[in-house]
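Coordinates in review
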Amino acid sequence: MSSLESEDCDFDGNIALFPMTDCGSFEESELDTHSSISENESNRDASDENESDEEDKGRDDRSKAFLTLRQRRLSRALATFENLKVNINRAQRNWLNAIRKARHMDDPWEKFHLDEYPVEVCFRHRYNALRKAWLTDEVKVKMEKKPFNRGAMRECFRLKKLSSYVGAESWNHTHNFVAKRYMEAVERDVYFQDVKLQMDAKLWGEEYSRHNPPKKVDIFQMYILEFKNRPDSPLYHCEHLIEGNYIKYNSNSGFVDAKLRNTPQAFSHFTFERSGHQMIVVDIQGVGDLYTDPQLHTIDGKDYGDGNLGAKGMALFFYSHVCNDICHSLGLTQFDISENETKMQNDNEKMAAMVAACTMARGNEELCQTPSPGESIDITLVLKRQRSTSQSDSGFDGMLTPLDEEPMSLETGSPIRSPAYQRMRVRYCSESESSITSTQEEDIRNFQLQIQQRHRPSCVALEKDLRKANFTSKFNDSALGKIHHEMAKYHEVGRFCDKKDADIDWDSALFHEIHAAELGELEAILTMAKLYLGMERDVLINCVVAEDEDNVELGFDYMVQAADAGDRGAMIYVAKAFATGLNLGKRREMSWEDAIHWYDEALTSMNDNDEGGEYDSTMYDPPFTIMANMAEMYLAGGHGLEKSPERAAEMYNQAAESAMEGMKGRLASKYYALAEEAGALCEAEEE
């Protein structure tokens with residue numbers, strides 16, 4: 001389904017029922033689909049009220065309607081308006097239709113006799129995603145002793161929990177839950193991280209629904225049950241039972257089932273842009289638009305378990321994601337992909353062969369189907385094509401401008417209005433002002449304000465314009481650049497090849513590496529610089545280009561960018577080029593003044609350790625060698641640098657001290673002697 005209309009369905013279809021609290025008053029007033037109260041229904045209810053208490057006691061217990069707090073208030077409010085027409089939207093009619101069905105629905109777990117199991121008191125740990133805080137209370141449950149199902153990592157138990165809204169301990173109308181525990185021993189913190197992940201994803205589901213998409217979504221509420229009276233106080237995940245057709249819409253490793261639904265894919269894309277490229281919700285699965293067990297990728301790859309693949313996971317998603325009508329209606333921008341990748345996306349069979357529907361753990365995401373070829377590949381023509389298309393427009397055609405028992409949280413505030421999709425939200429009488437606390441409203445408003453300020457587009461052209469407008473750092477701070485760089489590396493290792501013997505798509509690899517360099521990704525800038533200059537590198541290692549002045553000049557431009565970004569090796573390369581005149585290209589000349597500048601920058605930025613994870617070796621260009629080179633230029637003068645024997649003597653002395661620290665005694669003696677000679681020249685000039 002590719003249109004907005006494909007997301008719509010009649011509300012009489014399959015409906016996933018949410019947990020509801022006991023309320024018998026709804027049997028006395030029921031709203032029909034035309035928003036009016038039927039006289040026949042009212043008369044019948046009135047006659048039911050007049051029946052004697054003795055007759056009520058003699059009846060068999062029947063399943064009553066269970067309502068959320070929100071629906072109970074709605075029914076009570078409308079019960080007083082017997083002949084009044086009330087404006088009810090389609091979502092509310094869905095609720096009423098679901099309630100009618102629930103009144104006549106049998107308990108699917110009645111045959112398992114969970115009411116015969118002993119009552120256990122547990123600690124319930126719930127996570128508030130807005131306040132980033134945990135709340136703990138006590139609940140009463142009944143749970144089976146043996147699991148009824150198993151997955152790849154967890155086993156499931158049937159469970160009933162006594163609702164906190166029910167005064168008496170009546171287990172006849174409790175709700176069905178599923179308790180899950182890991183089959184293998186894991187750290188207790190893993191359970192808490194799983195809940196935190198799902199509740200953070202739930203918050204993003206509410207933010208997505210606030211923008212009035214064709215279909216609103218929700219993430220199932222999950223919390224932890226700690227059985228305090230059992231040995232070792234074991235932990236279980238607890239969720240409401242989902243009845244219906246369970247479907248996996250996308251995975252954390254690039255699988256996208258766009259043939260079924262548009263909403264899940266648009267939701268993932270929405271979270272990426274609204275979070276400012278800091279995270280994305282993937283692994284969307286569940287019943288209809290009620291999702292469970294999602295996965296979050298963060299740009300730094302931290303938190304949210306081993307399923308968080310970081311920038312690699314984001315790259316895998318966008319390789320297979322095709323923007324649909326819902327993406328466009330929400331003002332989301334197309335992620336830049338090459339022509340070859342566009343053709344691959346249109347070939348569903350090839351795309352399905354390259355991406356896995358299963359969830360992948362960190363460490364397994366880089367497995368490729370075919371390694372890079374051993375021989376060198378001349379990509380001169382490919383680079384020319386990429387340079388000719390890198391300046392073209394991106395094709396963007398728009399401007400961007402709580403913790404409770406109920407699984408569906410209330411919406412507050414009006415949607416963010418953008419020219420691409422403007423719709424005023426209508427507030428109905430059922431949305432009581434008292435249904436959510438003022439503190440929760442303030443927390444939600446603060447969250448929404450932060451989201452508005454962090455929103456960033458997915459296309460490179462608008463990202464570059466936004467960076468210029470905000471005067472952001474020029475290098476190594478773009479999440480979008482990191483994703484393009486990861487896509488280039490995936491292409492190099494053959495991750496996106498549909499066959500084992502297929503050729504590497506170098507056009508696409510260079511397409512993403514050039515975009516990553518444009519967005520200031522330092523490793524991508526160095527890769528492009530060394531590629532044009534014919535130097536060894538860590539990415540695109542088998543690619544070669546023709547040795548001509550144009551390529552050398554392009555390579556040197558990239559090297560200057562890398563030097564500006566703070567790479568010490570690039571600084572030394574640029575300094576040597578200005579000192580010797582080699583590999584400067586046609587636009588630049590020898591300049592010892594510039595060489596001194598870059599040598600001095602290299603000394604200032606020198607870091608002998610690798611605590612940051614980036615090893616910066618000084619083996620080939622130790623500090624004393626750089627100081628000696630600077631002293632030679634000061635001693636000789638020329639090429640824009642004023643002669644200064646005094647400065648030369650000072651640099652030779654510093655080089656000698658640095659050599660002594662490096663256990664280079666003979667070299668230090670040589671530098672001391674040169675320093676004396678430079679000092680003698682100073683005295684001669686003074687005389």
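In what follows, the accompanying structure is described. No experiment lies behind these values; they were computed from the predicted model shown.

Basis of the calculations
Residues numbered from 1 in each chain as written. Predicted model: local features only at pLDDT ≥ 70, side-chain atom pairs only at ≥ 80, totals over all residues. Heavy atoms only, no water. Helix = DSSP H or I, 4+ residues; strand = E, 2+ residues; numbered from the N terminus. Contact = heavy atoms within 4.5 Å. Polar contact = N/O pair within 3.5 Å; in protein donor to acceptor, adjacent residues only side chain to side chain. Salt bridge = Lys/Arg side-chain N within 4 Å of Asp/Glu carboxyl O. Buried < 20%, exposed > 50% of the residue type's maximum accessible area, 1.4 Å probe, protein only. Pairing = 2+ DSSP bridges. Phe/Tyr/Trp six-rings, centres within 6.5 Å; stacked < 30°, edge-to-face > 60°. Lys NZ or Arg CZ within 6 Å of the ring centre and 35° of its normal.

A few words on the environment of E523. Tracing the backbone through its elements, the reader meets E523 in helix α16 (residues 522-533). Measuring from C-alpha to C-alpha, the distance between E523 and V539 comes to 8.6 Å, with 16 residues separating the pair along the chain. When residues no more than four places from it in sequence are discounted, the contact partners of E523 are H485, E513 and V539. One polar contact links E523 to H485, side chain to side chain, over a distance of 3.1 Å.

Here the focus is the pattern of salt bridges. This structure, assessed with the given rule, holds 30 salt bridges. Salt-bridge contacts for K489 lead to E486; the nearest nitrogen and oxygen are separated by 3.5 Å. Taken together, the residues span about one helical turn, with K489 and E486 both in helix α14 (residues 479-492) at a distance of 3 residues. With a relative accessible area of 12%, E486 lands in the buried category. The network of salt bridges with common partners includes R154, K180, E239 and D293.

For helix α7 (residues 310-320), the tally of buried residues reaches 11 of 11 residues, placing the bulk of the element in the interior. Those residues of α7 not exposed but buried are G310, A311, K312, G313, M314, A315, L316, F317, F318, Y319 and S320.

Let us now look at the pairing of strand β12 (residues 279-282). Side chains M279 and V281 of β12 all project onto a buried face; the interleaved residues I280 and V282 project onto the opposite face, where all are buried too. Note: β12 against strand β15 (residues 295-298), 4 bridges, orientation antiparallel. Paired with I280 across the bridge in β15 is H297.

Under the definition given, this model contains 18 aromatic pairs. Where Y208 meets F270, the ring centres are 5.4 Å apart and the plane angle is 80 degrees; that geometry is what we call edge-to-face. Remark: F270 occurs in helix α6 (residues 263-274) and Y208 occurs in helix α5 (residues 188-209); sequence separation between them is 62 residues. Residue Y208 shares its accessibility class with F270, and that shared class is buried. Of the aromatic side chains, those joined through ring pairs into one cluster are Y208, Y249, F267, F270 and Y291. The ring of Y182 has R154 sitting right over it, with the charged end atom 6.0 Å from the ring centre. Directly above the aromatic system of F227 lies the positively charged group of R230, at a separation of 4.1 Å from the ring centroid.

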